[in-house]
Amino acid sequence: MDSMSLGSGSIRIGVIGGGQLARMMVPPAIHLGLRISVLAEAEGSSAARAADAVGDYRDPDTVYAFAETVDVVTFDHEHVPQPILRELEHRGVAVHPRPEALQYAQDKILMREKLGELGVPIPDWAAVSDEEELQSFIAEHGGRAVVKTARGGYDGKGVRVVADSAEVRDWFTALAEDGHGGRLLVEELVDFTRELSQLVARRPSGETRTWPVVETIQENGVCAEVLAPAPVENPATLEEAARIGVAVADGVGVTGVLAVEMFETRDGRVLVNELAMRPHNSGHFSIEGSVTSQFEQHLRAVADLPLGDTAMTAPAAVMVNVLGGPEEGPMPVRYAEVLAEHPRAKIHSYDKQPRPGRKVGHVTVTGEDPGEVRAEARAAAAMFR
Ligand code: ADP
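Procedures and definitions
Residues numbered from 1 in each chain as written. Predicted model: local features only at pLDDT ≥ 70, side-chain atom pairs only at ≥ 80, totals over all residues. Heavy atoms only, no water. Helix = DSSP H or I, 4+ residues; strand = E, 2+ residues; numbered from the N terminus. Rg over C-alpha atoms; globule rule 2.2 N^0.38 Å. Buried < 20%, exposed > 50% of the residue type's maximum accessible area, 1.4 Å probe, protein only. Areas by Shrake-Rupley, 256 points an atom, 1.4 Å probe, with all protein chains shown as cover. Lys, Arg positive; Asp, Glu negative; His and termini not counted. Charge placed at Lys NZ, Arg CZ, Asp CG, Glu CD. Core = buried A, V, L, I, M, F, W, Y, C linked by side-chain atoms within 4.5 Å. Contact = heavy atoms within 4.5 Å. Pairing = 2+ DSSP bridges. Arc of directions from axis to C-beta. Near = heavy atom within 4 Å. Polar contact = N/O pair within 3.5 Å; in protein donor to acceptor, adjacent residues only side chain to side chain. Nonpolar A, V, L, I, M, F, W, Y, C, P; charged D, E, K, R; others polar.

### Considerations on the overall build of the protein chain
- Counting secondary structure elements, the protein chain contains 12 helices and 18 strands.
- The C-alpha atoms of the protein chain give 21 Å as radius of gyration, which agrees with the globular expectation for 385 residues (21 Å, within 12%).
- Seen through its C-alpha atoms, the protein chain measures out along the principal axes to roughly 65 × 55 × 45 Å.
- Taking all 385 residues of the protein chain together, the buried fraction comes to 53%.
- Roughly 16,800 Å² of accessible area belongs to the protein chain as shown, and the carbon and sulfur atoms make up 50% of that amount.
- Side chains of the protein chain carry 37 positive and 58 negative charges; the gap between the two charge centres is 3 Å.

### Observations regarding the nonpolar core
- Formed by 43 residues in total, the largest nonpolar core has its most connected members in Ile16, Val248, Val272, Leu275 and Met277.
- Residue contributions to this core peak at six residues, all from helix α8 (residues 235-252).
- Residues contacting Val272, with those up to four places away along its chain left out, are Arg112, Leu115, Val120, Pro121, Ile122, Pro123, Ile244, Val260, Glu261 and Met262.

### Re the sheet that holds strand β1 (residues 12-16)
- Spatial ordering of the open sheet is given by β3-β2-β1-β4-β5, a layout of five strands whose pairing is parallel. In the strand order of this sheet, the two ends are held by β3 (53-54) and β5 (94-95), each with one partner.
- Both β1 and strand β2 (residues 35-40) contribute to a ladder of five bridges, which runs parallel. Bridge pairing links Arg12 to Arg35 in β2.

### Description of helix α3 (residues 82-90)
- Among the residues of α3, those classed as buried are Gln82, Ile84, Leu85 and Leu88. Buried residues along α3 cover an arc of 165 degrees about the axis, so they all sit on one side. Away from the buried face of α3 by more than 90 degrees, exposed residues Pro83 and His90 are located.
- Buried residues along α3 sit against α2 (60-67), β4 (72-75), β5 and α4 (99-106).
- Looking at the residues trailing α3, positive phi occurs at Gly92, about 90 degrees.

### As for the environment of Gly283
- Mapped onto the elements of the fold, Gly283 is located in the loop between β15 (270-276) and α9 (286-289).
- Distance from Gly283 to Val200, taken between C-alpha atoms, is 10.0 Å for residues 83 residues apart in sequence.
- With sequence-adjacent residues up to four places away left out, Gly283 is seen in contact with Leu199 and Gln294.

### A few points about the site of the ligand
- Looking at the ligand, there are 18 residues lining it, with Lys148, Gly156, Val190, Glu195 and Glu274 nearest.
- Within the backbone of Glu188, an N or O atom sits 2.9 Å from a nitrogen atom of the ligand.
- In the environment of the ligand, an oxygen atom lies 2.7 Å from a nitrogen or oxygen atom belonging to the side chain of Glu195.
- Those elements that provide at least two residues to the shell around the ligand are β7 (145-149), β9 (184-188), β10 (192-202) and β15.
- For the shell around the ligand, a count of residues per class yields seven nonpolar, three polar and eight charged.

Here it is as structure tokens:
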């Protein structure tokens, strides 16, 4: 025990993964007096300033050695293999979210099965082993469907809209070569009017807190903007989205922050698309837009500390992502100009090498008028392009 601390200073949190999510956990850890360390993939990754360990999260001994230096292990991504996670728990390490919950964010087929069991509304889906099975699903669903790899996808990289099973022949071939009998997930192509996200934080004791439901706007499968709170088109739909978010958090037994991504359909239904068990792009607005940010809340939750207030600090918050430009290499960043022209905008740089389409930062603006706030966030973010 460190007798100088206010009380939390002796809790050591270890984050596996060195991306921007780990990086954004560092400031609130400092404010709360928690100790944080990061197991980053490589020197120079986004969270590297905080990374006092660099190593491969797929290597069991690297992870076990890292875990010995902390009180609780949590994550910046969902890729740590289940056998390593289960062994950590077997060794008495506190792992949050726990492997039983995390598996539903690691494997989209398991996720669909679990949500089905929980009675949560989801798109029509099937797990298919070959082109023939896929072709019949497509035929039964109006000639088009969405195919997804069960594991490893992000930012739309494992998602294809297809009319013919041959369009994912390469994925079937890769699964066959893998030899694990893997299957692809196929879903109906949902006719949605917009996408919503509900963030929920949950402690091991079961205490949960939610933020307002937000609207997320994607371009080319990547999140471009987040509007908080989601503009009210139909209050009942937003209530339903919030109810579903909490039902999923309790149903999968998540600990830490959970993002439940949903579709609002033309006929007024809410369907769950995706789960992420960590802070999420749809919650970045909360750094300035909420009394307690998703990053602070995640730390509180995984350390089993009481959760903070999630009320908005202003009527509206809009977050706009900054993506790497069309060419490899540094972007022509007019940094001082952005700061000068948009003093109200909060600029976040992840210190990442820009690659085309890669998320390298974001901008948040908060204020009274949603339209004005959005225009300013867009204008500031556009100056990085
Ligand atoms: P990732 O894990 O790569 O983020 P998602 O499953 O979230 O992949 O899909 C990425 C995007 O593709 C979604 O945000 C949505 O815009 C679109 N999408 C995914 N599934 C469907 C579906 N069943 N119907 C229509 N669009 C979909």
